[in-house]
Amino acid sequence: MTAGVSEWLTVRLARPGELEEVGRLTVEAYLADGMVNPAGSYAAALADAARRASDAELLVAVDPDGTLLGTVTVCTPDSPLAECSRPGELEFRMLAVAPRARRRGVGEVLVRTVLARATEIGAHRVVLLTGEKMYAAQRLYARLGFIRVPERDWHLRPELRFLAFAATTATSGP
Ligand SMILES: CC(C)(COP(=O)(O)OP(=O)(O)OC[C@H]1O[C@@H](n2cnc3c(N)ncnc32)[C@H](O)[C@@H]1OP(=O)(O)O)[C@@H](O)C(=O)NCCC(=O)NCCS
């Protein structure tokens, strides 16, 4: 079980009673940055936290009052939700922080928890795909040591590309 703690934030698995709220927060986060069409199929996927909890590890970040601030979905390569990971890697998807809770390090704590989880299960790399215009996320990944792996980029359509990033973990050999 993955759990992480910062001075003021706890990261843990989402509880069954929280799934609707996690779905709402995820949609809200992507909408706030204009990253998703509210009527499209991806918004419906973002809202479906129940699926993420059953097909992957759905993590949430909560403050000391229990207020939900952010979420991330952690997928092993055999998860039906994995898009780009290969054996020995751990992937994360749908990182989202509520707009009111941004710029306080919540995203960073969530990604650091994924990196710790990778070390815990012996995965040598953490990988992800991100939208070309997700600049805040890309700065966060760069800050935490992720590098671009363009050979793993994914084209949904010729004009719609998702950028692959990867970070090696503490379990990686010399
Ligand atoms: C990307 C995202 C998760 C970042 O969440 P966040 O909690 O704001 O992330 P952080 O607080 O760790 O970092 C964001 C910025 O706040 C700054 N920051 C962190 N703690 C801070 C603090 N205590 N005071 C002031 N600034 C702070 C960071 O340095 C960073 O600055 P930068 O963007 O100029 O580099 C969030 O913007 C989001 O949900 N975006 C929409 C969905 C999305 O794009 N998801 C990515 C999918 S691949």
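Our structure's up above, just so we're on the same page.
These figures come from a predicted structure and were not determined experimentally.

Caption draft 1: Main features of the pattern of salt bridges. With the rule as written, the count across this model stands at 16 salt bridges. The shortest N-O distance in the salt bridge between R102 and D33 comes to 2.7 Å. One end of the pair, R102, is in the loop between β5 (89–97) and α4 (106–121); the other, D33, is in the loop between α1 (19–32) and α2 (41–47), and 69 residues separate them in sequence. For D33, a relative accessible area of 38% puts it in the partly exposed group. Of the charged contacts in the structure, one is a salt bridge between R117 and E57, with a shortest N-O distance of 2.6 Å. Here R117 is found in helix α4, whereas its partner E57 is found in strand β3 (residues 57–62), with 60 residues between them in sequence. On the accessibility criterion, E57 (22% relative accessible area) is partly exposed.

Caption draft 2: Just the packing of aromatic side chains, in detail. Across all of its chains, the model carries six aromatic pairs by this definition. Where F92 meets F146, the ring centres are 6.1 Å apart and the plane angle is 85°; that geometry is what we call edge-to-face. Of this pair, F92 sits in strand β5 while F146 sits in the loop between α5 (135–143) and β7 (147–148), and the two are 54 residues apart along the sequence. Given the relative accessible area of 4%, F146 is considered buried. Judged by centre distance (5.7 Å) and plane angle (40°), the ring pair of W154 and F162 falls under tilted. Looking at W154, the relative accessible area reads 38%, which means it is partly exposed. Among the aromatic side chains, those forming a connected cluster through ring pairs are F92, Y141, F146 and F165. Directly above the ring of F165 sits R148, whose terminal nitrogen or CZ lies 5.7 Å from the centroid.

Caption draft 3: Representation of the nonpolar core within the structure. If you look at the biggest cluster of nonpolar residues, it comprises 49 residues, and the most contacted ones within it are V72, F92, L95, L110, V111, Y141 and F146. Among the elements that line this core, the one with the most residues is α4, at seven residues. With residues near it in sequence (within four places) discarded, L110 still touches V11, V60, A61, G70, T71, V72, L95, A96 and V97. Listed in part, the six residues of the second largest apolar core include C84, V127, V149 and A164.

Caption draft 4: Inspection of α4 at higher detail. The terminal C-alpha atoms of α4, which comprises 16 residues, lie 23 Å apart, in line with the 22 Å expected from a rise of 1.5 Å per residue. Every buried residue of α4 is accounted for by V106, G107, V109, L110, V111, T113, V114, L115, R117 and A118.

Caption draft 5: Region of the structure containing α5. Those residues of α5 not exposed but buried are A137, Q138, L140 and Y141. All buried residues of α5 fall inside an arc of 160° around its axis, so they share one side. Set apart from the buried face of α5 by more than 90 degrees, the exposed residues are R139 and R143. Contacts from the buried residues of α5 go to β5, α4, β6 (125–131) and β9 (160–168). Immediately downstream of α5, the backbone of G145 shows phi near 95°, a positive value.

About the cut-offs
- Residues numbered from 1 in each chain as written.
- Predicted model: local features only at pLDDT ≥ 70, side-chain atom pairs only at ≥ 80, totals over all residues.
- Heavy atoms only, no water.
- Salt bridge = Lys/Arg side-chain N within 4 Å of Asp/Glu carboxyl O.
- Helix = DSSP H or I, 4+ residues; strand = E, 2+ residues; numbered from the N terminus.
- Buried < 20%, exposed > 50% of the residue type's maximum accessible area, 1.4 Å probe, protein only.
- Phe/Tyr/Trp six-rings, centres within 6.5 Å; stacked < 30°, edge-to-face > 60°.
- Lys NZ or Arg CZ within 6 Å of the ring centre and 35° of its normal.
- Core = buried A, V, L, I, M, F, W, Y, C linked by side-chain atoms within 4.5 Å.
- Contact = heavy atoms within 4.5 Å.
- Expected span 1.5 Å × (residues − 1).
- Arc of directions from axis to C-beta.

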